[in-house]
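Listed below are the residues making up each chain.
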Amino acid sequence: MNKSWSKIISTNARLVLQSTALLTKKYSSAAAKFSPSPIGVTQNDLLASLNADELMHLFPHLEFVSLALNKELVQHGGKITHVYFPTTAVIASLFLREDGNTAEIGVAGHEGVIGASILTNDRALGTARVQTAGFAYRLNATTLKELCMQHSKLRNLLMRYMQASFSKMALVSAYESHCSVDQKLARWLLDRLDRSPTNALNVTQELIATMLGVRRETITDAAGRLRDAGLIRYFRGIVIVLDRIGLETNAGESYIMAKREFDMVVSDSNETEGEPLYAA
């Protein structure tokens, strides 16, 4: 990357981690596993919103894992064996179309979870694939179901998250049937920006085209228009968002209404009794 570009990359202090030591107590090279710490667990918003009692019941069952780019966690229709609470990783839920291509139906980062549908169905609704390498907390699916039977706050939190995710999916689908490619691209970039510690996104135009179900050349043209408008810059698989507000305006209701609905539903789950272990 051009050195001058480093001046326009900003960070989100809430998400940036100085080192994995903040997330772990130790690293065992023999076991090749990270051990979770209570502070690290709260890097996932859902886990952070649990009260101390429920989080401490959940804590012994969590495994801190590193997720590589493009790693498939579960395939569409496959049995869900583990649930993932991302901290720095970004995981997309994909649907395999009849023509063999994939389409993105959802995405989860530090705000969410992958595999919560285990509460209603043992089979995955989509293929879960890592789009941004990073870390997550993994939990055995059977263990999660047992814990949810014992702890209503955890069960209600995950059910609300699923409701919010489905509502967002429906709103995006409804709005984007009338959206331009520029608007779809702006919304997609904002979804990733919400889950990124910086304004620099490690994505290729080919990946974006695949997720949006359009030709790569179409994304190249749309990205050029966003660049010319001063909203983004891009270079060799890196997109830098220069003007978030402008990008939100460009995305329109496709992003704004879906995010508002998601935030409203999830926030309702925090109005029950019990203080979180750590303040968000």
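For the structure itself, look to the data block above.
1. Considering the layout of surface pockets
Gaps between atoms show up when a probe of the same size as a water molecule is rolled over them. Size it by volume and the largest pocket reaches roughly 900 Å³. Along the walls of the largest pocket sit 40 residues, with Ser 93, Ile 105, Gly 106, Val 107 and Met 169 positioned nearest its centre. The set of elements that each furnish at least two residues to the lining of the largest pocket consists of strand E7 (102–108), strand E8 (127–132), helix H5 (152–176), helix H6 (181–193) and helix H7 (205–212). For the lining of the largest pocket, the element with the highest residue contribution is H5, accounting for nine residues. In terms of residue class, the lining of the largest pocket is made up of 20 nonpolar, 11 polar and nine charged.

2. As for the pairing of strand E5 (residues 82–86)
The buried fraction of E5 is high, at four of five residues. For E5 and strand E9 (residues 134–140), the ladder comprises five bridges, and the chain directions are antiparallel. When the sheet's bridge partners are listed, Phe 85 is paired in E9 with Tyr 137.

3. Points about the sheet that holds strand E6 (residues 90–96)
The four strands lie next to each other as E4-E8-E6-E7, forming an open sheet whose pairing is antiparallel. The open sheet has two edge strands with one neighbour each: strand E4 (72–74) and E7. Across the sheet, the axes of successive neighbouring strands diverge by a mean angle of 35°, strand direction being ignored. Of the strand pairs in this sheet, E4 and E8 are connected by two bridges, and their pairing is antiparallel. Looking at E8, one finds that Val 74 is bridged to Ala 128. Across the sheet, H6 lies against E6, E7 and E8, angled at about 35° from E7, the strand it touches most. Contacts from H7 reach E6, E7 and E8, with the element oriented near 100° to E7.

4. A look at H7
If you check which residues of H7 are buried, you get Gln 205, Ile 208, Ala 209, Met 211 and Leu 212. For H7, the buried positions fall inside an angular range of 165° around the axis, keeping them on one side. Contacts from the buried residues of H7 go to E6, E7, E8, H6, helix H8 (216–228) and strand E11 (232–235). A positive phi of about 70° marks Gly 213, the residue just after H7.

5. Focus: empty space enclosed by the protein
One pass over the full model with this rule turns up two cavities of 30 Å³ or more. Every residue along the wall of the largest cavity is listed here: Leu 185, Leu 189, Gln 205, Ile 208, Ala 223, Ile 232 and Val 239.

6. Some words on the packing of helix H4 (residues 141–150) against H5
Where H4 meets H5, the axes come as close as 5 Å, and the angle between the chain directions of the two elements is 115°. Residues Leu 144, Leu 147, Cys 148, Met 149 and Gln 150 of H4 touch H5, and the partners they reach there are Ser 152, Leu 154, Arg 155 and Leu 158. Counted by class, the contact of H4 with H5 contains six nonpolar, two polar and one charged residues.

7. Considering the packing of H6 against helix H9 (residues 244–251)
The angle between the axes and the distance between the axes are what describe a pair of packed helices. Packing of H6 against H9 brings their axes to within 8 Å, and their N-to-C directions diverge by 135°. Between H6 and H9, the crossing angle belongs to the class labelled oblique. Considering the relative orientation of H6 and H9, their crossing is left-handed. Touching Asp 182, Gln 183, Ala 186, Arg 187, Leu 189, Leu 190 and Leu 193 of H6 are Arg 244, Leu 247, Glu 248, Asn 250 and Ala 251, all from H9. For the contact of H6 with H9, the residue count by class is six nonpolar, two polar and four charged.

8. Structural notes on H8
In a regular helix each residue adds 1.5 Å, so 13 residues correspond to 18 Å; H8 covers 18 Å between its end C-alpha atoms and thus fits that length. The inward-facing, buried residues of H8 contact H6, H7, E11 and H9.

9. Quick notes on the packing of aromatic side chains
Evaluation of the coordinates by the stated rule reveals two aromatic pairs. Ring geometry for Phe 64 versus Phe 135: centroids 5.1 Å apart, planes at 20°, classification stacked. With Phe 64 in strand E3 (residues 63–67) and Phe 135 in strand E9, this pair connects stretches of sequence that are 71 residues apart. Relative to Tyr 137, the ring of Phe 64 has its centre 4.9 Å away and its plane inclined at 40°; by these criteria the two rings are tilted. Of this pair, Phe 64 sits in strand E3 while Tyr 137 is found in strand E9, placing the two residues 73 residues apart along the sequence. Judged by its relative accessible area of 0%, Tyr 137 is buried. Members of the aromatic cluster, each reached through a chain of ring pairs, are Phe 64, Phe 135 and Tyr 137.

What counts and what doesn't
- Residues numbered from 1 in each chain as written.
- Predicted model: local features only at pLDDT ≥ 70, side-chain atom pairs only at ≥ 80, totals over all residues.
- Heavy atoms only, no water.
- 1 Å grid on protein atoms, 1.4 Å probe; cavity = no way out; pocket = protein on both sides within 12 Å on 5 of 7 lines; lining within 4 Å.
- Points joined across faces, edges and corners; volume = space filled by probe spheres on them.
- Helix = DSSP H or I, 4+ residues; strand = E, 2+ residues; numbered from the N terminus.
- Nonpolar A, V, L, I, M, F, W, Y, C, P; charged D, E, K, R; others polar.
- Buried < 20%, exposed > 50% of the residue type's maximum accessible area, 1.4 Å probe, protein only.
- Pairing = 2+ DSSP bridges.
- Axes fitted to C-alpha atoms, helices over the stretch in contact; angles between N-to-C directions.
- Contact = heavy atoms within 4.5 Å.
- Arc of directions from axis to C-beta.
- Parallel < 35°, antiparallel > 145°, perpendicular 65-115°, else oblique.
- Left-handed = near helix turned anticlockwise from the far one by under 90°.
- Expected span 1.5 Å × (residues − 1).
- Phe/Tyr/Trp six-rings, centres within 6.5 Å; stacked < 30°, edge-to-face > 60°.

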